[in-house]
Amino acid sequence: MKIATSVIDSQEKNHCFLIRTNGCLVKIMFLTDEIIRIRASFDEEFDEASYSLVLTGWEDRFDQLIGAERQRVDLQEFQVIEEEDKIGLIGKKLKVFLYKDPYQLVIYDQEDLVLHKDIVDLALMEDANKRKIHTSEIVEGDCFYGFGEKTGAIEKSHTFMVMSPRDTMGYDPKNADSLYKHIPFYVKSNKRTKVASGYFYHTTYECDFDMGRSHSNYWKKHSRFRVDGGDIDLFFIAGPTIKEVVQRYTSLTGRSAMLPKYALGYLGSSMYYSELSKDCDQAIIDFIDTAKEESVPIDGFQLSSGYCNHEGQRYFFTWNKERFKDPKGFFAEMEKRGVTTSPNVKPGILLTHPFFQALQEEQIFVKDSMDKGKNALGTWWGGKGVFADFTNPHTRRIWKKYLKEHVLSYGVTSVWNDNCEYESIVDQDARCFYDGKTGTIGQLRPIMANLMCQITTEAIIEEHPNTRPFVVCRAGHAGIQRFAQSWSGDNRTSWESLKYNIATVLGMALSGVTNYGCDIGGFYGDAPEEELFVRWVQNGIFQPRFSIHSTNTDNTVTEPWMFSASKQRIAEAIQFRYKMIPYYYSLMVRAAETGLPIIQPTFMKFQEDANCYDNGIDFVVGESLLVANVVEKGQKSVRSICQKGQFIMTFIHDRSTKGAKH
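Residues numbered from 1 in each chain as written. Predicted model: local features only at pLDDT ≥ 70, side-chain atom pairs only at ≥ 80, totals over all residues. Heavy atoms only, no water.

1. Observations concerning empty space enclosed by the protein
Heads up, the condition is: Each cavity reported here is a set of points on a 1 Å grid over the protein atoms alone in which a 1.4 Å probe fits but cannot get out, each pocket an open set with protein on both sides within 12 Å along at least five of seven lines, and each lining residue one with an atom within 4 Å of a point. Grid points are joined across faces, edges and corners, and a volume is the space filled by probe spheres set on the points. Strands here are runs of E lasting at least two residues and helices are runs of H or I lasting at least four, both read from the DSSP assignment and numbered beginning at the N terminus. Amino acid classes used here: Ala, Val, Leu, Ile, Met, Phe, Trp, Tyr, Cys and Pro are nonpolar; Asp, Glu, Lys and Arg are charged; the rest, including Gly, are polar.
Applying the stated criterion across every chain, the model contains five cavities of 30 Å³ or more. Volume-wise, the largest cavity comes out at about 60 Å³. Lining the largest cavity are Ile38, Tyr103, Leu105, His116, Asp118, Leu124, His134, Ile232 and Leu234. Of all the secondary-structure elements, those providing two or more residues to the lining of the largest cavity are β11 (103–108) and β22 (232–238). Looking at the lining of the largest cavity, its residues break down into six nonpolar, two polar and one charged.

Right under this line is the structure:
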């Protein structure tokens, strides 16, 4: 093991401060007045190669790939004050003190409030398995939020969470971990001081967070971040408000994509329609026509992968002509009805795929760890498959070519990228191009979804220059918000999912991904019971992404008109969603410009009120609309808390009322 316990020497160099400890080399930079980068390297390489950052103060290998989105700023100056036992780095708004023996790093604000403190002995370590560890002190009143896409209660004290993206169909909404995303960022806000800070650990390796679940008599209460490889590369973000933390985090990883307005409408979907043995195209058109007859407005349809299913083998970039006789004509018919269709595309290619040999000759796949001439294999949809290596610029060019020729040329302007977790490549040492340096799939797995969405966006713009792209993606790493709308994956149909998916949506909003929602009515399981479906729609119309999507195990289809007694109430709820679209669109513009989320948890809106700090059920749309959700079977009323003196509009079933209980 390597453990940083004392400072050996230090120096200031090129607006950075280097600290050599007996365990690692630490580099500190003031990127802005409110963002400090603290990077601890145990091999002292400090390779600058980020697929995630859009704000830097240094040259990066991927500057050309990120392009105009990346802004390089001058690192901020700081004053160095050295004393016998410590070194002080004094910036305009933040101060860092490094204690020499034992080693400890502490961050203060201008009022000398401690914002962060390392745990002595445990601060920086490399364990026997080469995992890197950073340990921080937890003080009374600390609450933790975000962490990307997580299940359970919104406040994460005393939890242990892993970031290892999985395909988790029918997951437990309260206890499952991990889900589909890898976003190693969280917000810390203290109930006593009402001051918030952010922690972004800049890595694509699998990692985990222990937020005070473990405990030892020898050290103060603490949290621990542990990562499988690379450096400890922390961007510490000062607030003091949660809003400021989120804005500054999105200045690092990118603001939300500005999607077309129809992305805020009702997005119909079900695996059922595209899995019919024939005439799926007509079945989907009939679904759209039925929606119109039932007075249900609809703007989009998410086309599941059955369109390319050939006797159980899913061959992407091909079309089953028994199911879709004329793909171009189908998309045109949908467009006539005012509906944009998003066909499902996946990054895996079966070994039996008719294009496999041609793509193999292009050498676009992730490679075997032992044999450079072989592809890495994984279980896929219908057998063994290989997977596109999007860290290879040649792969990006070839994939874009096939996407244009076999999907976008039919008039498609929206694409649903799916199953991008790369989980089924079991060999984590499988090799990736890594834009010329060579890396492993274990290192780069989460970034594949981002790169796939980036080239999909570029392809749509190139094929349809006057169209604003709409890309949807289930997986993603920090920064996925720059390219795609997303959702909480294949949730289970249950009251628990209705309840806990709200916290998942809010956690993603805090993690920079605000164009997001869950499958309304549940994706996996028996059809929802009537009361559950009504309550889910009443909640879902307030989520930024509103989609009813299912693959019901009882061979039913979840549709807005499935319950005769409630279909009018559901139609009216969806109609109310459409009345709100101008407001939601303005909030999407705000998110694209400032990073502020479309919906926010109550503790973000009312940060001074500690009563809100555990509330993962209610939320505020923008700054003006409080949504108090009904999430329990048989529940007839809800009680919600907001700050005294606030003017809030609440929507209750079929009517609106002014006012709120304090």
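After that view of the structure, there is still more to cover.
2. Looking at the environment of glutamine 313
Defined as follows: Note on contacts: a residue pair is in contact if any heavy atoms of the two residues lie within 4.5 Å.
Relative to the elements of secondary structure, glutamine 313 occurs in strand β26 (residues 313–314). Measuring from C-alpha to C-alpha, the distance between glutamine 313 and leucine 264 comes to 33 Å, with 49 residues separating the pair along the chain. Contact partners of glutamine 313, with chain neighbours within four places excluded, come to Cys308, Leu350, Thr352, Trp381 and Gly382.

3. Some words on the sheet that holds strand β16 (residues 160–163)
Convention followed: Here, any two strands with at least 2 DSSP bridges between them count as paired.
Here six strands make up an open sheet; going across it, the order is β1-β13-β14-β21-β20-β16 and the pairing antiparallel. Whereas interior strands pair on both sides, the edge strands pair on one side only; in this sheet they are β1 (2–3) and β16.

4. Considering the pairing of β16
Applied cut-off: Exposure categories follow from relative accessible area, calculated using a 1.4 Å probe and restricted to protein chains: below 20% of the type maximum is buried, above 50% is exposed, and the middle band is partly exposed.
What you see with β16 is a clean split: Met161 and Met163 sit on the buried side and Phe160 and Val162 on the side with no burial. Both β16 and strand β20 (residues 207–210) contribute to a ladder of four bridges, which runs antiparallel. The residue of β20 that forms the bridge with valine 162 is aspartate 208.

5. Examining the environment of glutamate 632
In this fold, glutamate 632 is placed in the loop between β42 (625–627) and β43 (649–652). In this structure glutamate 632 comes out as partly exposed when scored by relative accessible area, which is 38%. Spatially, the C-alpha atoms of glutamate 632 and glutamate 496 are 8.4 Å apart, while their sequence positions differ by 136 residues. Excluding residues that lie within four positions of it along the chain, glutamate 632 makes contacts with Trp495, Lys499 and Glu531.

6. Concerning the packing of helix α10 (residues 495–510) against helix α11 (residues 530–540)
What counts is decided by this rule: Axis definition: a line fitted to C-alpha atoms, over the contacting stretch in the case of helices. Angles run 0 to 180 degrees between N-to-C directions. Angles are sorted into four bins: roughly parallel if under 35 degrees, roughly antiparallel if over 145, roughly perpendicular if 65 to 115, and oblique for all others. With the far helix as reference, a near helix turned anticlockwise by less than a right angle produces a left-handed crossing, and one turned clockwise produces a right-handed crossing.
Following both chains from N to C, one finds α10 and α11 inclined at 15°, their axes separated by 10 Å at the closest point. It follows from the interaxial angle that α10 and α11 lie roughly parallel. Where α10 crosses over α11, the two elements pack in a sense that is left-handed. Taking contact as the criterion, the partners of Trp495, Ser497, Leu498, Asn501 and Ile502 in α10 are, on α11, Glu531, Leu532, Arg535, Trp536 and Asn539. Per-class residue counts for the contact of α10 with α11 are five nonpolar, three polar and two charged.

In short, the description is geometric, and any link to function would need to be established separately.
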